[in-house]
Amino acid sequence: MGTWTPEVIQMIIRGILETLYMTVLSTVFGYVLGLPWGIVLAVTDQDGIRPKTGVYRVLDVVTNIMRSIPFLILLILVIPITKFIVGKSYGSTATIVPLVISAAPFIARMVESSLKEVDHGVVEAAQSMGAGLWQIITKVLLPEARVSLITGATITFGTILGYSAMAGTVGGGGLGDIAIRYGYYRYQADIMIVTVILLVLLEQIFQIIGMRMATVLDKRHV
Amino acid sequence: MILITKGKSDMPIIEVRGLYKTFETKTNTVEALKDINFEVEAGDIYGIIGMSGAGKSTLVRCLNYLETPTRGTVTVEGQELGKLGDKELRDLRSSIGMIFQGFNLLMQKTCLDNICFPLLIHGTPKGEARQKAAQLLETVGLSDKAAAYPAQLSGGQRQRVAIARALACDPKILLCDEATSALDPQTTQSILQLLKKINQETGITIVIITHQMSVVREICRHVAIVENGEIVENGLVADIFTHPKSKAARRLIIEGKDPDEWEKENGAESATPGNARAADLTTPILHENRRIRIVFGTTSSFEPVIANMILTVGHPVNILKADTKDVGGTARGEMILGLPEDKDVQEKVISYLREHGLDVEEVD
C-alpha cells in the first residue's frame, strides 16, 4: 500500500503528460520536415511527375543513412544540436530534438510510399487538364493518398511513443523515465508494470483514433 | 462513292507533321511513332484505330504534349505546341479535354467536385464552378449523382462523369483514349451516342483512339489506321470502308474483326476468318478460286443486282457473307461472293457488277 502515495500518482500523471507532450510535438515537427521531404522523394523519382535523378539519389542516400542509425546512438550523437536548440540535453523538451531527427526520415519514406500508391492515370488526367506541379501535389497526390497518409501517421505516432520511452533511460522524462528509475533501479516492479500498461493504453487509443479517421475518410469503398 | 466535300478555307484544328517518338530504354530503343502526318478539321470526329502496341496511345498523348515527340510538330489551333512555354502549354490544355479507358476520376472526391476540379485549377471561383459542374452533370444525364463518389457508380456512369469533367473548361477538342474499351457493348453505345450528341450540339472536335472498328464505324467521319507506329491509311471512313487499300484496313473491314481478334487468330496460326472457313466447305461443289467483296451504296439496293447478274451471266455464284453495316449514319450493304473457276465468267461477273455501280474488291 505504501507505493501509491499521492506523490507517486502525481508523478505518473506528469509522466503521462510528458510522454504525450514529447510524442505529439515530435510527430508534428517530424511531419514538418518529413512531409516535404517525402513529397520531394516521390516527385523526383524516376517515374515521379518531375524526375530528377540527381536530387532523388542524394535524398535517398541521406534518408537511408539516417534511418540506419540506432535511436539510442542518435540520441547521444545529436547532443550538441540539442544543446544548441533547447539549451540543455536532458528532460522531455530536449528529447524532442533527437525524436524529430530520427522520425523525419522515417516519415519521409512513409509519405513517399503513400504518394506512389496514387494511380498514375489520375495524375495524368490532372496534367491533361493543365494542372501544374504544385496543384498536382496539393490537389491530387495528397488528397488521393490521405487514407494511406493517416495510416502512416498512426504508425509513426506509435513508433515515436516507443522511442520516447527509450529516451527515458537517459533522462528523457515521461513514462519511460519513471519505468527505468523506479522499476529498474529501485526494483519497484508494480510501478514499472503500471507505466508499461499506460504506454500500451496510449498506443491503443491513438491507433483506434487513427484507424477510425482513415476509414471515415476513405471514399473508395462506400 | 460518296464524296463529302468541305470548305477548305478553315485551317485544320489539329495538324501533325513528321512526328516521331522514340523511347530509349537501357537495353534498346523503341520507335513508337514513325513519320506521322495528319490533320483534323474543326468539328470532325476523327478515329485512330490500331492494335494494342501500335502506338496510338502515344500518338494521342502527343496531341496535348503529355508525351513530348522526339521530332516533328503538333499544331493545335494554329499554336505549335513544341514552341510553347510550360505555362502557355498548361493554359492551352484547358481547351483540350481528355477521357481515358480507366476513367481516372479522383476517387476521394464527389462527382460534382471531380467536375469542378479543372475549373478550380484554372482559377474559376468556387460558386461559379459548382454551377457549371451541375449543368454538365445534367448534360451527361447524372444530375442525381452530384454527391456520389466514383466508387458508387458503374463504369458507364464514371465515364459520363469523366466526360463532364473533360468538358468543364469548354474545350474545342476532346481526346478519347480507348474511352469505351472497359465498357460492355450496350454502355459503349450509350457513351458513343453521348459523344455524338455533344459533337453535334457544341461543334467540338473529337479524336477517338480505339481498337474497335465498330466504334469508328459508329461515329467517326475520318479515320487513320495505325500499325507499328505508322499511319498506313487515312481518309473518310465511308471511303476506307468501300475501298480499303492497306492490309490492316482490309483486315479491319473485310473480315470485320477487331484487332484483338487478329492477335488471337494469328496466335492460333489460322488466319482464316469465319466466312472463309464457310467458303472452304463449299469449295468442292462450286470450285470457286476467286473471292470478291461488293459494297452496296444507297442506290444499288433498289435493284436485285445479284439475281439479275446470275441470270445474265448464266453461272451461279456463292454468297459467302452478306451484311449491312451502319457507316457514319448510312446503311451500307456488304457481300462477299465466291466466283466460279472459269476466268471468262469471273470477268463477266465483275464487269456486270461494276456497270451496275457497285464497288468490287478482290479478297484473298
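Residues numbered from 1 in each chain as written. Chains lettered and ligands numbered in written order. Predicted model: local features only at pLDDT ≥ 70, side-chain atom pairs only at ≥ 80, totals over all residues. Heavy atoms only, no water.

Draft legend 1. Here's a closer look at the overall build of chain B. Scanning chain B from terminus to terminus reveals 13 helices and 14 strands. In chain B, which comprises 364 residues, the proportion classed as buried is 52%. The contacts in chain B between residues at least 6 apart in sequence include a share of 68% that link residues at least 24 apart. Accessible surface, chain B: about 16,400 Å² in total, of which carbon and sulfur atoms supply 50%. (Helix = DSSP H or I, 4+ residues; strand = E, 2+ residues; numbered from the N terminus. Buried < 20%, exposed > 50% of the residue type's maximum accessible area, 1.4 Å probe, protein only. Contact = heavy atoms within 4.5 Å. Areas by Shrake-Rupley, 256 points an atom, 1.4 Å probe, with all protein chains shown as cover.)

Draft legend 2. Examining the overall build of chain A more closely. Scanning chain A from terminus to terminus reveals 10 helices and zero strands. Reported as C-alpha extents along the three principal axes, the dimensions of chain A are approximately 70 × 45 × 25 Å. When the 222 residues of chain A are sorted by exposure, 49% land in the buried category. Taking as baseline every contact in chain A between residues at least 6 positions apart, the subset at least 24 positions apart corresponds to 74%.

Draft legend 3. Representation of helix H5 (residues 92–116) of chain A within the structure. All names here are of chain A. A rise of 1.5 Å per residue sets the reference length of H5, with its 25 residues, at 36 Å; its end C-alpha atoms lie 35 Å apart and thus fit the reference within 8%. Most pronounced at Ala103, the bend in H5 amounts to some 30 degrees, and the proline Pro105 follows within four residues. In terms of burial, H5 is a largely internal element, 21 of the 25 residues being buried. (Expected span 1.5 Å × (residues − 1). Bend = angle between axes of the 7 residues up to and from the residue.)

Draft legend 4. A look at the interface of chain A and chain B. If you look at the interface, chain A gives 25 residues, while chain B gives 23 residues. Here chain A packs against chain B, burying approximately 2,100 Å² in sum over the two surfaces, 57% of which is carbon and sulfur. On the surface where chain A and chain B come into contact, there are one salt bridge. Across the salt bridge formed by B:Arg61 and A:Glu124, the nearest N and O atoms sit 2.4 Å from each other. Viewed at the interface, chain B and chain A are joined by nine residue pairs in polar contact (both at pLDDT 80 or more). Mapped by element, the contributors of at least two residues to the side of chain A that touches chain B are helix H6 (120–128), helix H7 (133–144) and helix H8 (146–167) of chain A. With seven residues, H6(A) is the largest single contributor of residues to the side of chain A that touches chain B. For the side of chain A that touches chain B, the per-class residue count stands at 10 nonpolar, seven polar and eight charged. (Buried area = accessible area lost by both parts, 1.4 Å probe. Salt bridge = Lys/Arg side-chain N within 4 Å of Asp/Glu carboxyl O. Polar contact = N/O pair within 3.5 Å; in protein donor to acceptor, adjacent residues only side chain to side chain. Nonpolar A, V, L, I, M, F, W, Y, C, P; charged D, E, K, R; others polar.)

Draft legend 5. Region of the structure containing the nonpolar core. Ranked by size, the top nonpolar core spans 67 residues in total, and within it B:Phe38, B:Ile48 and B:Leu63 carry the most contacts. For this core, the element with the most residues is H5(A), which contributes seven residues. Setting aside chain neighbours within four positions, we find B:Ile48 in contact with B:Phe38, B:Lys56, B:Leu59, B:Val207, B:Ile208, B:Ile209, B:Thr210, B:Ala224 and B:Val226. B:Ile99, B:Ala164, B:Ile208 and B:Ile225 belong to the second largest nonpolar core, which has 54 residues in total. (Core = buried A, V, L, I, M, F, W, Y, C linked by side-chain atoms within 4.5 Å.)

Draft legend 6. Just a nonpolar patch on the surface, in detail. Residue and element names in this part refer to chain A. Taken together, Ile193, Ile197, Leu201, Ile205, Ile209 and Met213 make up a surface patch of nonpolar side chains, about 550 Å² in accessible area. Examined against the element boundaries, Ile209 turns out to sit in helix H10 (residues 189–217). Here Ile209 falls in the partly exposed class, since its relative accessible area comes to 43%. (Patch = residues over 30% accessible without salt bridge, like charges linked within 9 Å, V, L, I, M, F, W, Y side chains within 5 Å.)

Draft legend 7. Main features of the packing of helix H1 (residues 6–44) of chain A against H8(A). All names here are of chain A. The interhelical angle for the contact between H1 and H8, taken along N-to-C directions, is 135 degrees, at an axis separation of 9 Å. One way to sum up the angle between H1 and H8 is to call them oblique. Every pair of crossing elements has a handedness; the one defined by H1 and H8 is right-handed. Contact residues: Thr19, Met22, Thr23, Val24, Ser26, Thr27 and Tyr31 in H1; Leu149, Gly152, Ala153, Thr156, Phe157, Ile160, Leu161 and Ser164 in H8. Partitioned by chemical class, the residues of the contact of H1 with H8 number eight nonpolar, seven polar and no charged. (Axes fitted to C-alpha atoms, helices over the stretch in contact; angles between N-to-C directions. Parallel < 35°, antiparallel > 145°, perpendicular 65-115°, else oblique. Left-handed = near helix turned anticlockwise from the far one by under 90°.)

Draft legend 8. Spotlight on the confidence of the model for chain A. Summarising the model, chain A shows a mean pLDDT of 93, and 99% of its residues fall at 70 or more. Ranking the elements of chain A by mean pLDDT puts helix H9 (residues 174–185) of chain A last with 88 and H7(A) first with 97. (pLDDT = per-residue confidence, 0-100.)

Draft legend 9. Geometry of the sheet that holds strand E8 (residues 205–210) of chain B. All names here are of chain B. Read from one edge to the other, the open sheet built from six strands follows the order E6-E7-E8-E3-E9-E10, with strand pairing classed as mixed. Either end of the sheet is taken by a strand with one partner, and the two such strands are strand E6 (96–100) and strand E10 (230–236). Averaged over all pairs of adjacent strands, the angle between strand axes in this sheet comes to 15 degrees, irrespective of strand direction. Two strands pair when backbone bridges link them, and E6 and strand E7 (residues 173–177) are joined in this way by five bridges, in the parallel orientation. Looking at E7, one finds that Met98 is bridged to Leu175. Here helix H5 (residues 155–167) sits on the sheet in contact with E6 and E7, set at roughly 165 degrees to E6. (Pairing = 2+ DSSP bridges.)

Draft legend 10. The pairing of E6(B), seen in detail. Most of E6(B) sits inside the fold, with five of its five residues counted as buried. Residues B:Ile96, B:Met98 and B:Phe100 line one face of E6(B) and the alternating positions B:Gly97 and B:Ile99 line the opposite face, and both faces are buried.

Draft legend 11. Inspection of the packing of aromatic side chains at higher detail. Residues and elements named next belong to chain A. For the coordinates displayed, the defined rule picks out four aromatic pairs over all chains. Ring geometry for Phe71 against Tyr163: centres 4.7 Å apart, planes inclined by 15 degrees, an arrangement best described as stacked. Here Phe71 is found in helix H3 (residues 71–77), whereas its partner Tyr163 is found in helix H8, with 92 residues between them in sequence. Taking relative accessible area as the criterion, Phe71 reaches 5% and is therefore assigned buried. Overall, the relative accessible area of 28% leaves Tyr163 in the partly exposed class. One cation-aromatic arrangement involves Arg186 over Tyr182; the distance from NZ or CZ to the ring centre is 4.3 Å. (Phe/Tyr/Trp six-rings, centres within 6.5 Å; stacked < 30°, edge-to-face > 60°. Lys NZ or Arg CZ within 6 Å of the ring centre and 35° of its normal.)

Draft legend 12. Broad picture of the sheet that holds strand E13 (residues 330–339) of chain B. All names here are of chain B. Taken in spatial order, the four strands make up an open sheet running E12-E13-E11-E14, and their pairing is antiparallel. One side of each edge strand has no neighbouring strand; the edge strands of this open sheet are strand E12 (318–327) and strand E14 (359–363). On average, each strand axis in the sheet is inclined to that of its neighbour by 20 degrees, with strand direction left out of account. Strand direction decides the pairing type here: E12 and E13, joined by nine bridges, are antiparallel. Each residue of the ladder has a partner; that of Ile319, found in E13, is Leu337. In the packing of helix H13 (residues 343–355) onto the sheet, contacts are made with strand E11 (290–296), E13 and E14, and the angle to E11 comes to roughly 10 degrees.

Draft legend 13. Representation of the pattern of salt bridges. Residues and elements named next belong to chain A. Within the structure shown, the criterion is met by 25 salt bridges over all chains. Salt-bridge contacts for Asp60 lead to Arg109; the nearest nitrogen and oxygen are separated by 2.6 Å. Here Asp60 is found in helix H2 (residues 53–68), whereas its partner Arg109 is found in helix H5, with 49 residues between them in sequence.

Draft legend 14. Quick look at the confidence of the model for chain B. Residue and element names in this part refer to chain B. Here chain B averages 85 in pLDDT, while 85% of its residues score no lower than 70. When the criterion is pLDDT under 50, residues 1–9 qualifies, and its contacts beyond four places in sequence or with other chains add up to 10 contacts. In this model residues 262–286 is a low-confidence stretch, pLDDT under 50, and it forms 34 contacts with partners more than four residues away in sequence or in other chains. Scored as a complex, the prediction yields pTM 0.81 and ipTM 0.88.

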